[in-house]
Amino acid sequence: MAAPVASAGAAEPGAAEQAGGSPDGRQQGAAERRAAALRAVTDAGAVAAIAEVRDGGRVWRGGSGVADLATGAPVRTDGRFRAGSVTKVFTATTVLQLVGEGRIGLDDPVERHLPGLVPNGAKITVRQLLNHSSGLWDSTNEKGGVFPELADAAAVRDWLDQGGLTRTITPAQVVAASVAHAPNFPPGTGYGYSNVNYALLGMIIERVTGRGYAQEITARVLRPLRLDGTYFPGTATDIRGPHAHGYVTLVEGPGPADRSDRDVTVASVSWANAAGELISTLSDLNRFEQALTSGRLLPPQLMKEMTTTIPVEIEGQPTGLSYGLGLARWQLSCGEVRGHDGGVPGYSSQLWSSGDRQVALSVTTRGDDKQVQAQMVAEVGFLEQAFCGTR
């Protein structure tokens, strides 16, 4: 059964005035189609979905579903959420600013900045950390890493019951767990997404500047752009202000009684660090993306570096994605967009731009693997609708 719909397709107050008049029939039709595409995400089983589309001076914002299964309160489109790996774009932007200042070189070896921390660190470069070609094993996503195997529902339940979700896991622990495992491939010979790459970049930021990555990104990006709804929680486990609750579904057998939704809103995402700990809002993410892609944060040469990509393949098959220095390229039916997706337990996010249009989406997922996959397909459907007018 689909979650109740709340404020689906509601435009941001003043949006029509920003564009110089009332929405015409064509704009109204586009808003209705976006609202329907957003409802399709909750129809697929997600607890809630909120999105914002910015197109020049016009802003559309919509929401579907509930913020809290316990209360049934409608989701708020101005609420905060965990942005997951969208954090990587912020981290990469800060690293590239330091490159522009001559404090970091893209082809610097990791060993130069973090001596003795990573085996073969003399062969792994900052560039390879940024575009995930280092080969380092991902201790936050792979079996045998810092978390229990997600497919083992009983182990996950026990881990949750023992307070595992609120434990602090430091970047140093994430890196140590990674380098204790053999790398996936020699540096520079392939693509392999790994949060460990960005844990190391956070450490490099600290080593070079003398300030933690969260402080440095806040000073360089969040404050200048006045992204007041965005922050790094560090070891704090709550989400400040209005927000949607996140859930994971434990499936321990074939029947309905064998399923349980666990609220994972209160959690430490210290393990995600510079790779994925950010908490933000739709408006803040879109304004950041617009500032980045319009050249306000990086000069042209560094934007060229950021958008120079390597192909992303799964089992040797093309995906339509390629990855640059913290910024991905994705081929939709109507053309190319740039941005990033993100996910931490209970939350899925998307942030993409076609240059003149920015789209941010946050979903609180629910269900077994098949159901969550259906919700991801619906997310892609919303993005196709928002950028291309198709589903």
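A closer look at the packing of helix H3 (residues 87-100) against helix H8 (residues 195-209)
Geometry of a packed helix pair, given as the angle between the helix axes and the separation of the axes.
Phase 1 of the analysis: Between H3 and H8, the shortest axis-to-axis distance is 10 Å and the interhelical angle comes to 40 degrees. If you check the angle between H3 and H8, you find them oblique. H3 and H8 meet at a crossing whose hand is left-handed. Residues Lys 88, Thr 91, Ala 92, Thr 94, Val 95 and Leu 98 of H3 touch H8, and the partners they reach there are Asn 195, Tyr 198, Leu 201, Ile 205 and Thr 209.

A word on the nonpolar core
Phase 1 of the analysis: By size, the foremost hydrophobic cluster in this structure holds 94 residues, and its most contacted members are Phe 90, Leu 130, Leu 200, Phe 288, Leu 292, Met 306 and Phe 382.
Phase 2 of the analysis: Broken down by element, the residue count for this core peaks at 8 residues, all from H8.
Phase 3 of the analysis: Not counting residues up to four positions away in its chain, the partners in contact with Leu 200 are Leu 114, Leu 117, Val 118, Leu 129, Leu 136 and Val 175.

A few points about the sheet that holds strand S7 (residues 310-314)
The strands making up a sheet associate through hydrogen bonds between their backbones, and the pairing can be parallel or antiparallel.
Phase 1 of the analysis: One open sheet holds the 8 strands; their spatial order is S2-S1-S12-S11-S10-S9-S8-S7, and the pairing between them is antiparallel. Each having just a single partner strand, strand S2 (58-65) and S7 make up the two edges of the open sheet. Sheet twist, expressed as the mean angle between neighbouring strand axes with direction ignored, is 25 degrees.
Phase 2 of the analysis: Bridge count between strand S1 (residues 48-55) and S2: 8 bridges; the pairing is antiparallel.

Some remarks on the packing of helix H7 (residues 171-179) against H8
Phase 1 of the analysis: Two numbers describe how H7 lies on H8: the axes approach to 9 Å, and their chain directions differ by 135 degrees. Between H7 and H8, the angle falls in the class oblique. Our pair here, H7 against H8, has a crossing hand that is left-handed. For the pair formed by H7 and H8, the contact residues are Pro 171, Ala 172, Val 174, Val 175 and Ser 178 on the first element and Val 196, Ala 199, Leu 200 and Met 203 on the second.
Phase 2 of the analysis: Classifying every residue of the contact of H7 with H8 gives 8 nonpolar, 1 polar and no charged.

Remarks on H7
Phase 1 of the analysis: Every buried residue belonging to H7 is among Val 174, Val 175 and Ser 178, and all of these are buried. One side of H7 carries all its buried residues, which in axial view fall inside an arc of 95 degrees.
Phase 2 of the analysis: Its buried side turned inward, H7 meets H8 and helix H10 (273-276).

Some remarks on the confidence of the model for the chain
Phase 1 of the analysis: Here the chain shows a mean pLDDT of 91. Residues at 70 or above account for 93%.
Phase 2 of the analysis: Residue range residues 1-21 is modelled with pLDDT below 50. Its contacts to residues more than four positions away, or to other chains, number 51 contacts.

Describing unusual backbone geometry
Phase 1 of the analysis: A positive phi angle is found at Asn 120, which is not glycine, with a value near 65 degrees.
Phase 2 of the analysis: Within the secondary structure, Asn 120 sits in the loop between helix H4 (110-113) and helix H5 (126-130).

Quick notes on H8
Phase 1 of the analysis: The terminal C-alpha atoms of H8 lie 21 Å apart, and with 15 residues this matches the ideal 21 Å at 1.5 Å per residue to within 8%.
Phase 2 of the analysis: The buried fraction of H8 amounts to 12 of the 15 residues, a majority that puts the element mostly inside the structure.
Phase 3 of the analysis: All buried positions along H8 are accounted for by Asn 195, Val 196, Asn 197, Tyr 198, Ala 199, Leu 200, Leu 201, Gly 202, Met 203, Ile 204, Ile 205 and Thr 209.
Phase 4 of the analysis: Looking one or two residues past H8, Gly 210 carries a phi angle of roughly 80 degrees, positive in sign.

Notes on the packing of aromatic side chains
For any two aromatic rings, the description comes down to two numbers: the centre-to-centre distance and the angle of the planes.
Phase 1 of the analysis: In this structure the tally under the stated criterion is 8 aromatic pairs.
Phase 2 of the analysis: Each ring, one from Phe 90 and one from Phe 288, has its centre 3.8 Å from the other, and the planes form 15 degrees; the classification is stacked. Placement of Phe 90 in helix H3 and of Phe 288 in helix H11 (residues 282-293) is noted, with a sequence separation of 198 residues between them. Comparing Phe 90 with Phe 288 shows no difference in burial state: the two are buried.
Phase 3 of the analysis: Among the aromatic residues, those joined into a ring-pair cluster are Phe 147, Trp 159 and Trp 271.
Phase 4 of the analysis: Here the guanidinium or amino end of Lys 88 rests over the ring plane of Tyr 198, the centre of that ring lying 5.7 Å away.
Phase 5 of the analysis: Above the plane of the ring of Tyr 231 lies Arg 240, whose end atom (NZ or CZ) is 3.7 Å from the centre.

The rules behind these values
- Per chain, the residues get numbers from 1 upward, laid out in the order the sequence is written.
- The model is predicted, so local features are restricted to residues of pLDDT at least 70 and side-chain atom pairs to those at 80 or more, both for listing and for counting; the totals for chains, interfaces and linings are taken over all residues.
- Here the side-chain values reflect all heavy atoms present in the structure, with hydrogen atoms and water set aside.
- To define axes, lines are fitted to C-alpha atoms, for helices over the stretch in contact only, and angles between the resulting N-to-C directions are given on a 0 to 180 degree scale.
- Note on conventions: DSSP H or I runs of at least 4 residues are helices, E runs of at least 2 residues are strands, and numbering of each starts at the N terminus.
- What sets the label is the angle itself: under 35 degrees gives roughly parallel, over 145 gives roughly antiparallel, 65 to 115 gives roughly perpendicular, and the rest give oblique.
- Put simply, a crossing is left-handed when the front helix is turned counterclockwise from the back one by less than a right angle, and right-handed when it is turned clockwise.
- Any two residues whose heavy atoms approach within 4.5 Å at even a single point are treated as in contact.
- In this text, buried Ala, Val, Leu, Ile, Met, Phe, Trp, Tyr and Cys residues form a nonpolar core when linked through side-chain atoms within 4.5 Å.
- Whether a residue is buried, partly exposed or exposed follows from its accessible area with a 1.4 Å probe, protein chains only, as a fraction of its type maximum: under 20%, in between, or over 50%, in that order.
- Only strands joined by at least two bridges in the DSSP assignment are considered to pair.
- When residues are sorted by character, Ala, Val, Leu, Ile, Met, Phe, Trp, Tyr, Cys and Pro go into the nonpolar class, Asp, Glu, Lys and Arg into the charged class, and all the rest, Gly among them, into the polar class.
- In this context, the arc is that of the directions from the helix axis out to the C-beta atoms.
- Confidence per residue, as judged by the predictor, is encoded in pLDDT with a range of 0 to 100.
- Here, expected helix span is obtained from the residue count minus one, scaled by 1.5 Å.
- Whether two aromatic rings pair depends on their centres lying within 6.5 Å, for rings of Phe, Tyr and Trp, where Trp uses its six-membered ring; planes under 30 degrees apart make the pair stacked, over 60 edge-to-face, and the rest tilted.
- When the NZ atom of lysine or the CZ atom of arginine is within 6 Å of a ring's centre and also within 35 degrees of its normal, the charge is said to sit over that ring.

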